[in-house]
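Observations on chain architecture
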Amino acid sequence: MTKIARLLASAAVAVCTAAAAHATETLTISSWLPPTHPINTGMLEGLVKMMEEATDGQVTGEIKLGLAPPPAQMDLVMDGAADMTVIFHGYQPGRFIGTQLIELPGYPGNAEAASVAYWHVQKAFLDKLDEHRGVKLIALTTHGPGQIHSSKEINTLADLKGLKTRLGGGVSAEVGAELGLVGIQVPAPKVYETLASGAADAVAMNMGERVSFKLNEVAKNVYEMPGGFYRGSFAVLMSQERFDSLPEDVQKALDEKVFGEPASRMMGAVWDQSDNDARAATEAAADNKIVTASAEDQAAFAEMAARVREKVLAQISAAGIDAQAAYDMVMTEMTAAAGN
């Protein structure tokens, strides 16, 4: 081989080696929500963008829908059928306890503040429970205040008693029992048909879902409790094995620039935008109506909320966590954020 040929060969090897070192890793991200839902269009697509920017394009993601039903998403990642997913903790009763902390009614502020506080309290207290064992926890979020959306007109707290209502599980089920609701549990993607068929009279969801699940067509009435009746806990999970397979510098970039608080904050902000957009659409619709709970009903619900809080904190305490200190941490952070 001539000297020139050897140089060309060495250069080719160097180029191939450099290309291999910077090859794009495409992560399969599973989602069980409708294609236009903000979790897909805002949060997961936003997460992909954050990962691409943090790693100079070395990591990207592809969102795939319908790989498994909502309760099976965590197992999907643990089995290696997907690299990442988003889960709603309330779909798996008994599997998660600490996650109920962020779902309690009575917190001030929006979803962004709640999601950031949620990540902080996870690191400070809830990691001890190891409830996401087997996977890498990369973000936590909660939607904004959950309200009651109904096909029937609701004007008072008393009007809720006996109302057949889709509840998502977790703390919303506890609140539903206090309100005297007749709970119906179906996955979120089934909400529209459940209401349209008359199998349910109402659904407990955040305001943004009025657009995501077309509630303005089948649940034209909103009974709104300031601060919400509850919140809903979500997590983004990644295969630990898949994460460990990435180059060390890529792992470091993702952990420092994307995963944890940055991703949680981004997701909360998307929830807030969704809520704001849906409120505007509801207010603009001539056949939709928002009724805000009276001062008397707010006081009555505060007593119910206190009973729910006591029950949930007792469960978390029984698991070995200083539940009151964890609750106080979330309340302090969210109060401070709401005051800014």
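A few points on the structure. (Residues numbered from 1 in each chain as written. Predicted model: local features only at pLDDT ≥ 70, side-chain atom pairs only at ≥ 80, totals over all residues. Heavy atoms only, no water.)

1. Focus: the environment of valine 330
With respect to the secondary-structure elements, valine 330 resides in helix α13 (residues 323-339). The spatial distance from the C-alpha of valine 330 to the C-alpha of serine 264 is 15 Å, given a sequence separation of 66 residues. (Helix = DSSP H or I, 4+ residues; strand = E, 2+ residues; numbered from the N terminus.)

2. Here we look at the packing of aromatic side chains
One pass over the full model with this rule turns up eight aromatic pairs. Taking 6.2 Å as the distance between ring centres and 35° as the angle between the ring planes, the aromatic pair formed by tyrosine 223 and phenylalanine 229 counts as tilted. When its relative accessible area of 1% is taken as the criterion, tyrosine 223 is described as buried. Look at phenylalanine 229 and phenylalanine 301: their rings are 4.9 Å apart centre to centre, the planes differ by 75°, and that puts the pair in the edge-to-face class. Highlighted residues: phenylalanine 229 in the loop between β9 (221-224) and β10 (233-238) and phenylalanine 301 in helix α12 (residues 295-318), separated in sequence by 72 residues. You can call phenylalanine 229 buried: its relative accessible area is 1%. (Phe/Tyr/Trp six-rings, centres within 6.5 Å; stacked < 30°, edge-to-face > 60°. Buried < 20%, exposed > 50% of the residue type's maximum accessible area, 1.4 Å probe, protein only.)

3. Quick notes on the packing of helix α4 (residues 111-124) against α13
Packing of α4 against α13 leaves a shortest axis separation of 9 Å and a crossing angle of 150°. With respect to α13, the axis of α4 lies roughly antiparallel. Between α4 and α13 the crossing geometry is right-handed. Residues Ala113, Ala114, Val116, Ala117, His120, Val121 and Ala124 of α4 form the contact with α13, whose participating residues are Ala326, Met329, Val330, Glu333, Met334 and Ala337. (Axes fitted to C-alpha atoms, helices over the stretch in contact; angles between N-to-C directions. Parallel < 35°, antiparallel > 145°, perpendicular 65-115°, else oblique. Left-handed = near helix turned anticlockwise from the far one by under 90°. Contact = heavy atoms within 4.5 Å.)

4. Description of the pattern of salt bridges
If you walk through the whole model with that rule in mind, you get 15 salt bridges. One salt bridge connects aspartate 255 with lysine 136, and the closest N-O pair in it is separated by 3.2 Å. Within this pair, whereas aspartate 255 is found in helix α10 (residues 248-257), its partner lysine 136 is found in strand β4 (residues 136-142), the two being separated by 119 residues in sequence. Lysine 136 sits in the buried class, given a relative accessible area of 14%. Note that glutamate 178 is salt-bridged to arginine 307, the shortest N-O span being 2.9 Å. Placement of the pair is glutamate 178 in helix α5 (residues 171-179) and arginine 307 in helix α12, with a sequence separation of 129 residues. Sharing partners across several salt bridges, the network here consists of Glu25, Asp83 and Arg242. (Salt bridge = Lys/Arg side-chain N within 4 Å of Asp/Glu carboxyl O.)

5. Quick notes on the pairing of strand β2 (residues 59-65)
Pairing between strand β1 (residues 25-31) and β2: seven bridges, direction parallel. Among the inter-strand pairings, leucine 27 is bridged to a residue of β2, identified as glycine 61. Note that the unit made of β1, helix α2 (residues 38-54) and β2 has a crossover that is right-handed. (Pairing = 2+ DSSP bridges. Right-handed = clockwise from strand over helix to strand, strands pointing away.)

6. Focus: the sheet that holds β1
As summarised here, the arrangement of the five strands in space is β2-β1-β3-β10-β4, forming an open sheet in which the pairing is mixed. In the strand order of this sheet, the two ends are held by β2 and β4, each with one partner. Direction aside, the axes of adjacent strands within the sheet are offset by 25° on average. Contacting β4 and β10, helix α11 (residues 261-284) crosses the sheet at an angle of about 30° to β4.

7. Quick notes on the side chain of serine 30
Tracing the backbone shows serine 30 in strand β1. Judged by its relative accessible area of 0%, serine 30 is buried. In this view, serine 30 contacts Lys64, Leu67, Gln73, Leu76, Ala82, Met84, Thr85 and Val86; residues no more than four positions away in its chain are not counted.

8. Comments concerning the environment of glycine 176
Inspection of the secondary structure assignment puts glycine 176 in helix α5. The exposure class assigned to glycine 176 is buried, which follows from its relative accessible area of 2%. Placed 11 residues apart in sequence, glycine 176 and threonine 165 show a C-alpha to C-alpha distance of 8.3 Å.

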